[in-house]
Amino acid sequence: RGLFDYAVQPSEPVPQHIELTVASGIFSECEFAAARIVRLLRAGMRCRDIAVVSGDFDSYYLPLVSALERFGVPYYTTQKTDLRVKSVTALVLRAVRIAVSGFRHEDIFAYLKTGLTGIPRIDIDQLENYCLQWRIKPAQWNSELPWGMNPDGFGVPFTEEGTALLQQLNETRRQIVRPLLRLSHRLREDVPILEKVRAVYDFAIEIDLPAAWNARE
C-alpha cells in the first residue's frame, strides 16, 4: 500500500526479499523484468504468482508489453489493450515520430526494439551502448560525417577490434537512417495526405516489414 508513498516510515525489521536494480531507462527496466520473469518460470514458478506493478503504468505499458512479447512471456493486464502495443503499429508510429520530430534516443530504440527492422539484436545493443556512452545527440544521427569516438572509451587508444566495431556501428547507423530520412522528406507539411500515406507504405516495403512480420509468426 505504501510502495510509492515516499512519506512512509522505514520498515522495522528490514525486509530480506527486496532487490533494487538500476536501469538506464524504461525500456531497459522492462527488459530486465521480462528476463527475470523467464528465469522465475524456468525455476518452476507459475505465471499467476508473478505480478508487475508500476506507479505510472501508462508510461510503462507499451515498452513492458513489447518486452514480454519478445521474451515469450504470457501475460494478462487489467488495462484495456491499446492498438499501439502491436509491434507493427508501434514500429510505424515510432518511424513517423522520428521522421517528423527527429532522431531522439527513446524513439530510435523503441523503433529498433520492435524486432521488425531487420537489424540484428546484437547490433542494436552495441549501438545503444555506444549512444549512451557518448551521449549521441539527435543531430548526430543524420550527420554526413561518420561517428569517430572510440567505442572503448575516452582517452583509450584505438584497437583493431575497436576500429572494426566503430565501422560496424557507422554502417548500422546508415542502414537505420537512410529509409527514415526518405520518409521524413515525404512527410513534409506541404505534402498531400494521400502521398503521406503512400510514403508510409513505401517505407514499410523498403525496410522489408512484411517479411520480418511473417518471420515472427
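The coordinates are above.
Scoring rules and cut-offs
- Counting starts from 1 at the beginning of each chain's written sequence and moves along it residue by residue.
- Local features in a predicted model are, by the rule used here, given only for residues with pLDDT of at least 70; side-chain atom pairs are given and counted only at 80 or more, and totals for whole chains, interfaces and linings are based on all residues.
- The basis for the side-chain values is all heavy atoms of the structure; hydrogens and waters are excluded.
- A run of DSSP states H or I qualifies as a helix once it reaches four residues; a run of E qualifies as a strand once it reaches two. Both are numbered from the N-terminal end.
- The cut-offs for exposure are 20% and 50% of the maximum accessible area for each residue type, with area from a 1.4 Å probe on protein chains only; residues under the lower value are buried, those over the upper are exposed, and the others partly exposed.
- Note on definitions: a residue-residue contact is assigned when non-hydrogen atoms from the two residues lie within 4.5 Å.
- Only the protein chains shown count as cover for residues, and all accessible areas are computed by the Shrake-Rupley method using a 1.4 Å probe.
- By the counting rule applied here, Lys and Arg register as positive and Asp and Glu as negative, while His and the ends of each chain are not counted.
- Charge placement uses NZ in Lys and CZ in Arg. For Asp and Glu, CG and CD serve respectively.
- Stacked, edge-to-face and tilted are the three classes for Phe, Tyr and Trp ring pairs, Trp counted by its six-membered ring, which pair at centre distances within 6.5 Å; planes under 30 degrees apart are stacked, over 60 edge-to-face, the rest tilted.
- Salt bridges are defined as contacts in which a side-chain nitrogen from Lys or Arg sits within 4 Å of a carboxyl oxygen from Asp or Glu.

Asks: Now, about the overall build of the chain: what can you tell me, with residues and values included?
Replies: For the chain, the count of helices and strands is nine helices and zero strands. Counting only C-alpha atoms, the chain reaches 60 × 50 × 35 Å along its principal axes. Counting every position in the chain, which comprises 217 residues, the buried fraction comes to 31%. By sequence separation, contacts in the chain at least 24 residues apart represent 51% of the contacts at least 6 residues apart. Accessible surface, the chain: about 14,400 Å² in total, of which carbon and sulfur atoms supply 56%. When the 26 positive and 27 negative side-chain charges of the chain are each reduced to one mean point, those points stand 4 Å apart.

Asks: Now, about the environment of Glu-171: what can you tell me, with residues and values included?
Replies: In this structure, Glu-171 sits in helix H7 (residues 160–186). Linking Glu-171 and Pro-146, residues 25 residues apart in sequence, is a C-alpha distance of 9.1 Å.

Asks: A description of the packing of aromatic side chains should follow, citing residues and the corresponding values.
Replies: Two numbers describe a pair of aromatic rings. These are the distance of the centres and the angle of the planes. Applying the stated criterion across every chain yields a total of five aromatic pairs. Residues Phe-109 and Trp-141 carry aromatic rings whose centres are separated by 6.1 Å and whose planes lie at 65 degrees to one another, so their mutual orientation is edge-to-face. Placement of the pair is Phe-109 in helix H4 (residues 105–112) and Trp-141 in helix H6 (residues 138–141), with a sequence separation of 32 residues. Here the two residues Phe-109 and Trp-141 agree in accessibility, since each one is buried. With a centroid separation of 5.6 Å and 15 degrees between ring planes, the pair formed by Tyr-130 and Trp-147 is classed as stacked. Taken as a pair, Tyr-130 in helix H5 (residues 121–134) and Trp-147 in the loop between H6 and H7 lie far apart in primary sequence, 17 residues in all. Here the two residues Tyr-130 and Trp-147 agree in accessibility, since each one is buried. Among the aromatic residues, those joined into a cluster by ring pairs are Phe-103, Phe-109, Tyr-130, Trp-141 and Trp-147.

Asks: Tell me about the pattern of salt bridges, residues and numbers included.
Replies: Within this structure, the stated rule accounts for 15 salt bridges. For Asp-125, the salt bridge identified is with Arg-121, shortest N-O distance 3.0 Å. Remark: Arg-121 and Asp-125 occur in helix H5; sequence separation between them is four residues, near one turn of the helix. On the accessibility criterion, Arg-121 (32% relative accessible area) is partly exposed. Measuring nitrogen to oxygen at the nearest pair gives 2.9 Å for the salt bridge that ties Arg-186 to Asp-202. Pair noted here: Arg-186 is in helix H7 and Asp-202 is in helix H8 (residues 193–206), with a separation of 16 residues, a long-range link. Classification of Arg-186 as partly exposed rests on a relative accessible area of 29%. A single salt-bridge network, built from bridges that share partners, covers Glu-31, Arg-70, Lys-113, Arg-121, Asp-125 and Glu-128.

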